[in-house]
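Listed below, chain by chain, are the residues.
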Amino acid sequence: MTMHKPVELVSYDREWPEAFQRIRARLLALLPQALAIDHVGSTAIPDMTAKSLIDIDIVLPGLEHIEPATQVLLSENYEPRGNRYDDEVWAFLSRDSSPAERVYLCPAGNGTHRNRLAFRDYLIAHPEAAADYAALKRRLAAEFRMDGDRYTAEKREFVDTIVTRALKG
């Protein structure tokens, strides 16, 4: 039987942006070829309820840069989490830091990266949509406390709707 870590949401922590800047500086030193290192996910949205986990997209010049960057992250004790979305995005987790970090490697022009930025920026610009998202997250975290995959899957329709709005805008 596999033990699942519970979905635990916390109130927004005003130190998350500063933590991201520290992490970004370290990652840029490790991966100077990065074209962008972006704070994505709920911790990037002011006042958003979130898991205490900084999500970071690292945009590399092309697919040929993924494997060397992977080796660098592995040498820094990031756990490989695979290519879960089949969109040329590879995930890594570092539980050694506080807050924890989930880093994604992707090539320039990646659609998942574009959508994450669109979602983040839309919620920052539309507090009412951000409040709706926070309420949805709280409900789903209570309902699927021991099923993080289902918690994430159940947010998909809301996220897709916001991304569509953001990209049309």
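Parameters and conventions
- Residues numbered from 1 in each chain as written.
- Predicted model: local features only at pLDDT ≥ 70, side-chain atom pairs only at ≥ 80, totals over all residues.
- Heavy atoms only, no water.
- Buried < 20%, exposed > 50% of the residue type's maximum accessible area, 1.4 Å probe, protein only.
- Helix = DSSP H or I, 4+ residues; strand = E, 2+ residues; numbered from the N terminus.
- Arc of directions from axis to C-beta.
- Contact = heavy atoms within 4.5 Å.
- Expected span 1.5 Å × (residues − 1).
- Phe/Tyr/Trp six-rings, centres within 6.5 Å; stacked < 30°, edge-to-face > 60°.
- Lys NZ or Arg CZ within 6 Å of the ring centre and 35° of its normal.
- Pairing = 2+ DSSP bridges.
- Axes fitted to C-alpha atoms, helices over the stretch in contact; angles between N-to-C directions.
- Salt bridge = Lys/Arg side-chain N within 4 Å of Asp/Glu carboxyl O.
- Parallel < 35°, antiparallel > 145°, perpendicular 65-115°, else oblique.
- Nonpolar A, V, L, I, M, F, W, Y, C, P; charged D, E, K, R; others polar.

Student: Would you mind going over helix 2 (residues 66–75) with me for this structure?
Tutor: Helical geometry: 3.6 residues make up each α-helical turn, so side chains three or four residues apart lie on a common side. Burial in helix 2 covers these residues: I66, A69, T70 and L73. Buried residues of helix 2 fall within an arc of 105° about the axis and therefore sit on the same side. Where helix 2 is buried, its residues contact helix 1 (16–30), strand 2 (53–60), strand 4 (90–94) and strand 5 (100–107). Following helix 2 by one or two positions, N77 has its phi on the positive side, about 70°.

Student: Is there a simple way to explain helix 4 (residues 127–143) in this structure?
Tutor: Counted at 1.5 Å a residue, the expected span for helix 4 with its 17 residues is 24 Å, and the 24 Å between its end C-alpha atoms agrees. Of the residues making up helix 4, those classed as buried are A129, A130, Y133, A134, L136, K137, L140 and A141. The buried residues of helix 4 occupy one face: seen down the axis, they fall within an arc of 165°. Those residues of helix 4 that are exposed and angled more than 90 degrees off the buried face are P127 and A142. Where helix 4 is buried, its residues meet helix 3 (111–125) and helix 5 (148–168).

Student: Would you take a moment to explain the packing of aromatic side chains for this structure?
Tutor: Within a pair of aromatic rings, the relevant descriptors are the distance that separates the centres and the angle that separates the planes. Going through the model one piece at a time under the given rule, you end up with three aromatic pairs. Considering the side-chain rings of Y12 and W16, the 5.4 Å spacing of their centres and the 90° angle between planes classify their relative orientation as edge-to-face. Y12 gets classed as buried once you look at its relative accessible area, which sits at 17%. Judged by relative accessible area, W16 falls into the buried class, the value being 2%. In this structure, R116 is placed above the aromatic ring of Y104, and the distance from its NZ or CZ to the ring centre is 3.9 Å.

Student: Before we go on, may I ask you to explain the sheet that holds strand 4 in this structure?
Tutor: Reading across the sheet, the five strands line up as 1-2-5-4-3 and stay open at both edges, with mixed pairing between neighbours. The sheet terminates laterally at strand 1 (36–40) and strand 3 (79–82), the two strands that pair on one side only. On average, each strand axis in the sheet is tilted by 25° relative to the strand beside it, whichever way the strands run. When strand 3 meets strand 4, the two strands line up antiparallel, connected through three bridges. Residue pairing in the sheet places P80 in a bridge with F92 of strand 4. Relative to strand 5, helix 2 is tilted by about 165°, and along the sheet it contacts strand 2, strand 3, strand 4 and strand 5. Helix 3 rests against strand 1, strand 2 and strand 5 of the sheet, and its axis sits at about 50° to strand 1.

Student: How should the pattern of salt bridges be read in this particular structure?
Tutor: Any two side chains of opposite charge can pair if their charged atoms end up close together. For the coordinates displayed, the defined rule picks out 12 salt bridges. The partner of R116 in a salt bridge is D57, with the nearest N and O atoms 2.6 Å apart. Of the two residues, R116 is situated in helix 3 and D57 in strand 2; the sequence distance between them amounts to 59 residues. Overall, R116 belongs to the buried group, its relative accessible area being 18%. E79 is paired through a salt bridge with R81; the nearest N and O atoms lie 3.2 Å apart. Given the relative accessible area of 27%, E79 is considered partly exposed. Among the residues examined, R81 registers a relative accessible area of 41% and is labelled partly exposed. Connected through shared salt-bridge partners, E79, R81 and R95 make up one network.

Student: Quick question: what am I supposed to make of the packing of helix 3 against helix 5 here?
Tutor: For any two helices packed against each other, one specifies the inter-axial angle together with the distance between the axes. At their nearest, the axes of helix 3 and helix 5 sit 8 Å apart, and the two run at 85° to each other. It follows from the interaxial angle that helix 3 and helix 5 lie roughly perpendicular. Every residue of helix 5 that contacts helix 3 at R114, N115, A118, F119, Y122 and L123 is listed here: F158, V159, I162, V163, R165, A166 and L167. Across the contact of helix 3 with helix 5, the residue classes tally to 10 nonpolar, one polar and two charged.

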